Amino acid sequence: MFMAGLIPAGHAIARTTGYDEEFKTFTGGLAAGLNLAQVDGDRYFGYNKPGIVVGAFVNMHFTERLGLQAELLYVQKGSHGVAVTGSPLTGTYTAQCHIGLGYIEAPVVFRYTYKEYTAEAGASYAILVRTNEWIQDPLVYIHEDNNRFNTTDINYVFGLGRHVYKRLHANVRFQYSVLSIRPAERVPYNYGWGTKGQFNNLFSVRLLYTL
C-alpha cells in the first residue's frame, strides 16, 4: 500500500504486502465500523453510546512508510447514561440521558507504516447534520434553541491499524473535540460540570477495504 520512494503521479511500483498488486501513488477505498462514544461534561460517564461510522478514504503515499489519508465519513457520536441521583426537593431517583449526534466528517491524518502496522495522527472537521437529545430528570429542562449544540466539531485524531488480509485492514481510532460542542452558557442548568462546556469523546473500531 506504500511506495519505496518518491514517485511522480501516474507512476507505480510493484510491492507485496500480503498479496500481489501494483501499488500506486494514490489509492482509495471504503471504511465502516462501530463507535463507542461519550460526551464529557454531561454528568454521565462511560463509553455507553454506540454508533456507526461509514464512508470512503483516499491515500497519498509519499514513501514506503509515510503517507497521508483523507476521508469523508458519516459518524454517529453522543452520550447515553443512567445515574442514581437526588435532591432534598425530589429525594432519590434514577435519571437517564441520551445525546445522539450525527456528523458529516472529514478527517485528514498522517500515517506511518512499519511492516504490517500503521500509526496515524491528524485532525478532523465535522458538520452536525442530526441531533436527538432527551433526558429524564425532573431537575433538568432542555430548550431546543437556548441549549443547542454547535453546528461544527473539530477533533484531534490518533489511531493504530494492522493489515488483516489482502486488501483488508483493521483500525482503532481515538478522537476528542478541540473546542466544545456546546459551550458552558448553553449547557442546560444542572446538566453539566465545570466551566468549559461539553466535548465529544470517541473510540472507533473500523475495517478499511482498499479498492
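Structure shown above.
Quick caveat, the model's predicted, so the values are computed rather than measured.

Peer 1: Mind showing me how you'd approach the overall build of the protein chain here?
Peer 2: A tally of regular secondary structure across the protein chain gives zero helices and 10 strands. Taken from N to C terminus, the helices and strands of the protein chain fall in the order β-β-β-β-β-β-β-β-β-β. Long-range contacts, defined here as pairs at least 24 residues apart, represent 65% of the contacts in the protein chain between residues at least 6 apart. Split by element, the accessible area of the protein chain, about 10,900 Å² in all, is 63% carbon and sulfur.

Peer 1: Help me out: how do you make sense of unusual backbone geometry in this one?
Peer 2: Negative phi values dominate among residues other than glycine, just as trans dominates among peptide bonds. With phi around 75°, Arg43 is a residue other than glycine that occupies positive phi space. Checked against the element boundaries, Arg43 lands in the loop between strand E3 (26-40) and strand E4 (49-61). By relative accessible area, which is 25% here, Arg43 ends up partly exposed. Even without a glycine there, the phi angle at Lys166 is positive, about 50°. As for its placement among the helices and strands, Lys166 is situated in the loop between strand E8 (152-165) and strand E9 (168-177).

Peer 1: Got a minute to help me understand the side chain of Arg111 in this structure?
Peer 2: Tracing the chain through its elements places Arg111 in strand E6 (residues 91-114). Among the polar contacts listed, one links the side chain of Arg111 to the side chain of Gln69, at a separation of 3.3 Å.

Peer 1: How should I be thinking about a nonpolar patch on the surface in this particular structure?
Peer 2: There is a patch of nonpolar side chains on the surface, built from Leu72, Ile104, Tyr125, Ile127, Val129, Ile154, Tyr156, Phe158, Val178 and Leu179 and spanning about 920 Å² of accessible area. The set of elements that each furnish at least two residues to the nonpolar patch consists of strand E7 (117-136) and E8. Tracing the backbone through its elements, the reader meets Leu179 in the loop between E9 and strand E10 (199-210). Here Leu179 falls in the exposed class, since its relative accessible area comes to 54%.

Peer 1: What is the right way to read the environment of Val39 from this model?
Peer 2: Relative to the elements of secondary structure, Val39 occurs in strand E3. A relative accessible area of 0% means that Val39 is categorised as buried. Leave out the neighbours within four places in its chain, and Val39 touches Tyr44, Gly78, Ser79, Ile99, Ile181, Gln198, Phe199 and Asn200.

Peer 1: Help me out: how do you make sense of the environment of Tyr189 in this one?
Peer 2: With respect to the helices and strands, Tyr189 occurs in the loop between E9 and E10. We classify Tyr189 as exposed; its relative accessible area is 73%. Considering only alpha carbons, one finds Tyr189 and Asn147, 42 residues apart in sequence, at a separation of 9.5 Å. In this view, Tyr189 contacts Leu139 and Val140; residues no more than four positions away in its chain are not counted.

Peer 1: What should I look at first to understand the pattern of salt bridges in this one?
Peer 2: Two side chains of opposite charge can pair, provided their charged atoms sit close to one another. Here the structure, examined in full by the defined rule, presents eight salt bridges. Several salt bridges converge on common partners, so that one network encompasses Glu71, Glu120, Arg173 and Arg206.

Peer 1: Can you help me understand the pairing of E3 in this one?
Peer 2: Where a strand is regular, its side chains alternate between the two sheet faces. Sheet analysis places E3 next to E4, joined by 12 bridges and oriented antiparallel. Counterpart to Leu34 in the pairing with E4 is Ile52. Looking at chain direction, E3 and E10 are connected through 12 bridges and run antiparallel. Counterpart to Leu34 in the pairing with E10 is Val205.

Reading the values: rules and limits
- Residues numbered from 1 in each chain as written.
- Predicted model: local features only at pLDDT ≥ 70, side-chain atom pairs only at ≥ 80, totals over all residues.
- Heavy atoms only, no water.
- Helix = DSSP H or I, 4+ residues; strand = E, 2+ residues; numbered from the N terminus.
- Contact = heavy atoms within 4.5 Å.
- Areas by Shrake-Rupley, 256 points an atom, 1.4 Å probe, with all protein chains shown as cover.
- Buried < 20%, exposed > 50% of the residue type's maximum accessible area, 1.4 Å probe, protein only.
- Polar contact = N/O pair within 3.5 Å; in protein donor to acceptor, adjacent residues only side chain to side chain.
- Patch = residues over 30% accessible without salt bridge, like charges linked within 9 Å, V, L, I, M, F, W, Y side chains within 5 Å.
- Salt bridge = Lys/Arg side-chain N within 4 Å of Asp/Glu carboxyl O.
- Pairing = 2+ DSSP bridges.

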